[in-house]
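What the coordinates show
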Amino acid sequence: IGPDLAYAAATFTTIVGPTIAAYLFLLAATGAVVVYSVLFAVCMTSFLVLFVSDPGILRKYNHARNTKWTYCDFCSSFRPKGCVHCSTCKTCVSDYDHHCAWTGKCVGGGNMFWFKTFTNSLTGLIIAYLIFVILSFIT
């Protein structure tokens, strides 16, 4: 679990709050409930797996494994190509993409699938929510 626990909790609350409102006020048809429930389940599952998964944190190496490895002064360790030091998490991460405060941790090779699944399902959930809000005003 990364250092941005408060942001991850805010993300969780920001997803769950409107979902409760959707179930209480927007979703009347069975089909809408099924679609929204599937999107919500995928979104929350991917968020929780992303939240607890290892992004690819590199263990400490006292010696370089080959000539392409570099030394990280912050970690006092050698690291392979593609491994970057995250100043927020204070560790080196393999296939580092970025540090995402909203999920509370780094995104790297170890959790990239779950990050993409989370962002795509969250986008679908938001679009579905907006569609159901518009439909509720029309009908």
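1. So, helix α3 (residues 112-138)
- For α3, which comprises 27 residues, the first-to-last C-alpha distance of 39 Å matches the rise-based estimate of 39 Å (1.5 Å per residue) to within 8%.
- On its buried face, α3 is in contact with α1 (5-26), α2 (30-52), β5 (98-100) and β6 (105-107).

2. A short note on α2
- Taking 1.5 Å per residue as the helical rise, α2 with its 23 residues ought to reach 33 Å, and the 33 Å between its terminal C-alpha atoms agrees with that figure.
- All buried positions along α2 are accounted for by A32, Y36, F40, C43, M44, S46, F47, L50 and F51.
- Buried residues along α2 sit in contact with α1, β6 and α3.

3. Remarks on the state of the cysteines
- Scanning the entire structure with this criterion turns up zero disulfides.
- For the unlinked cysteine C89, the closest cysteine sulfur is that of C106, found at 3.4 Å.
- A disulfide-free cysteine, C100 has its sulfur positioned 9.8 Å from the sulfur of C106, the nearest such atom.
- Classification of C100 as buried rests on a relative accessible area of 10%.

4. Considering the nonpolar core
- Counting 21 residues, the largest nonpolar core has I15, L27, Y36, F115, F118, L125 and F132 as the members making the most contacts within it.
- Listing elements by their share of this core, those giving two or more residues are α1, α2 and α3.
- Looking at this core, the element that brings in the most residues is α2, giving eight residues.
- By size, the runner-up hydrophobic cluster in this structure holds seven residues, among which are L58, W69, C75 and C92.

5. Some details on unusual backbone geometry
- Positive phi, normally seen in glycine, also occurs at K90, with a value near 60 degrees.
- The topology assignment puts K90 in the loop between β3 (84-86) and β4 (91-93).
- Accessibility expressed as a relative area gives 64% for K90, which makes it exposed.

6. What about the environment of L58?
- Within the secondary structure, L58 sits in the loop between α2 and β1 (70-72).
- With 27 residues separating them in the primary sequence, L58 and H85 have C-alpha atoms 9.6 Å apart.
- With residues up to four places along the chain from it excluded, the contact list for L58 reads F78, R79, P80, C83, T91, C92 and S94.

7. Digging into the packing of aromatic side chains
- Tallied over the entire structure, the rule returns nine aromatic pairs.
- When the centroid spacing of 4.9 Å and the interplanar angle of 85 degrees are considered together, the rings of Y61 and W69 count as edge-to-face.
- Judged by its relative accessible area of 15%, Y61 is buried.
- Accessibility expressed as a relative area gives 15% for W69, which makes it buried.

What counts and how
Residues numbered from 1 in each chain as written. Predicted model: local features only at pLDDT ≥ 70, side-chain atom pairs only at ≥ 80, totals over all residues. Heavy atoms only, no water. Helix = DSSP H or I, 4+ residues; strand = E, 2+ residues; numbered from the N terminus. Expected span 1.5 Å × (residues − 1). Contact = heavy atoms within 4.5 Å. Buried < 20%, exposed > 50% of the residue type's maximum accessible area, 1.4 Å probe, protein only. Disulfide = S-S within 2.5 Å. Core = buried A, V, L, I, M, F, W, Y, C linked by side-chain atoms within 4.5 Å. Phe/Tyr/Trp six-rings, centres within 6.5 Å; stacked < 30°, edge-to-face > 60°.

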